[in-house]
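Spelled out, the chains give:
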Amino acid sequence: MIHRLTNGGEAVSELFLISERQMERISPFFPLAHGVPRVDDRRVLSGIVYVIRNGLQWKDAPKAYGPHKTLYNRFIRWSRLGVFDRIFVALTEKAGRSKRLMIDATHLKAHRTAASLLKKGLFPAISDAQKAA
């Protein structure tokens with residue numbers, strides 16, 4: 001859901017924000033806060049989803065979601081605790097779908113020297129085919 005987030009009363013931009021209803025469904029899976037209360041889970045989780053969905057680096061997260069370090073730390077901590085796994089399993093079971101859940105997060109990045117490997121003849125079958133054409 002897209003909402004207008006504000007930064008101290010001043011509108012920042014239209015960014016992704018998890019709805020109240022969605023938060024009610026998944027909040028039982030969050031770990032309990034120990035000692036110092038956590039910052040707004042809804043805002044942080046929305047920031048995590050925004051970064052992952054848009055393929056951004058954590059440091060490029062919009063300021064409206066809070067410090068990028070908070071987003072990253074919460075993502076890592078909750079991933080290690082299995083929070084996201086439990087949320088996905090519970091949501092698929094509630095929907096009555098199969099017990100198998102697959103998420104494709106394929107991301108390929110070529111090293112900057114990859115383009116020069118072809119020119120250097122390190123892939124002969126491809127290099128020879130290009131020369132013949």
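What comes next is a walk through the structure. (Residues numbered from 1 in each chain as written. Predicted model: local features only at pLDDT ≥ 70, side-chain atom pairs only at ≥ 80, totals over all residues. Heavy atoms only, no water.)

## A look at the overall build of the protein chain
Summing up its helical and strand segments, the protein chain has six helices and two strands in all. Going from N to C terminus, the protein chain has its helices and strands arranged as β-β-α-α-α-α-α-α. The buried share of the protein chain, reckoned over its 133 residues, is 26%. Taking the intrachain contacts of the protein chain between residues at least 6 apart in sequence as the baseline, contacts between residues at least 24 apart amount to 42%. When the accessible area of the protein chain is evaluated, it comes to approximately 10,200 Å², of which 56% is carbon and sulfur surface. (Helix = DSSP H or I, 4+ residues; strand = E, 2+ residues; numbered from the N terminus. Buried < 20%, exposed > 50% of the residue type's maximum accessible area, 1.4 Å probe, protein only. Contact = heavy atoms within 4.5 Å. Areas by Shrake-Rupley, 256 points an atom, 1.4 Å probe, with all protein chains shown as cover.)

## Observations regarding the environment of Leu56
Here Leu56 shows up in the loop between α2 (41-53) and α3 (68-81). If sequence neighbours within four positions are ignored, Leu56 has contacts with Tyr50 and Val51.

## Some details on the pattern of salt bridges
This structure, assessed with the given rule, holds three salt bridges. Asp41 is the partner of Arg38 in a salt bridge, and the nearest nitrogen-oxygen pair spans 2.9 Å. On the accessibility criterion, Arg38 (28% relative accessible area) is partly exposed. On the basis of relative accessibility, which here comes to 16%, the residue Asp41 falls in the buried class. Taking the shortest distance from any N to any O, the salt bridge between Asp41 and Arg74 comes out at 2.7 Å. Linking Asp41 in helix α2 with Arg74 in helix α3, this pair joins segments that are 33 residues apart in sequence. Accessibility classification places Asp41 together with Arg74 in one group, the buried group. (Salt bridge = Lys/Arg side-chain N within 4 Å of Asp/Glu carboxyl O.)

## Quick look at the nonpolar core
Membership of the largest hydrophobic core comes to 20 residues, with the highest contact counts inside it found for Met23, Ile26, Phe30, Leu45, Tyr65, Leu71 and Trp78. Breaking this core down by element, the ones donating at least two residues are β2 (10-16), α1 (20-26), α2, α3 and α4 (83-94). (Core = buried A, V, L, I, M, F, W, Y, C linked by side-chain atoms within 4.5 Å.)

## Description of the packing of α2 against α3
A pair of packed helices can be characterised by two numbers: the angle between their axes and the separation between those axes. Where α2 meets α3, the axes come as close as 9 Å, and the angle between the chain directions of the two elements is 90°. Viewed along their axes, α2 and α3 adopt a mutual orientation that is roughly perpendicular. Across the interface between the two elements, Asp41, Val44, Leu45, Gly47, Ile48, Val51 and Ile52 of α2 pack against Thr70, Leu71, Arg74, Phe75 and Trp78 of α3. Of the residues contributing to the contact of α2 with α3, the split by class is eight nonpolar, two polar and two charged. (Axes fitted to C-alpha atoms, helices over the stretch in contact; angles between N-to-C directions. Parallel < 35°, antiparallel > 145°, perpendicular 65-115°, else oblique. Nonpolar A, V, L, I, M, F, W, Y, C, P; charged D, E, K, R; others polar.)

## Let's talk about α4
Side chains three or four residues apart in an α-helix point the same way, a direct result of the helix having 3.6 residues per turn. If you check α4, its first and last C-alpha atoms are 17 Å apart, about what 12 residues at 1.5 Å a residue would give, namely 16 Å. Buried within α4 are the following residues: Val83, Phe84, Ile87, Ala90 and Thr92. Buried positions along α4 lie against α1, α2 and α3. (Expected span 1.5 Å × (residues − 1).)

## Here we look at the side chain of Arg74
A relative accessible area of 5% means that Arg74 is categorised as buried. Residues within four places of Arg74 in sequence aside, it is in contact with Arg38, Val39, Asp41, Val44 and Ile48.

## Focus on the packing of α3 against α4
The contact between α3 and α4 brings their axes to 5 Å, and the two run at 65°. The angle between α3 and α4 places the two elements in the roughly perpendicular class. Between α3, through Phe75, Trp78, Ser79 and Leu81, and α4, the contact on the second element is made entirely by Val83, Phe84 and Arg86. Among the residues making up the contact of α3 with α4, the classes are represented as five nonpolar, one polar and one charged.

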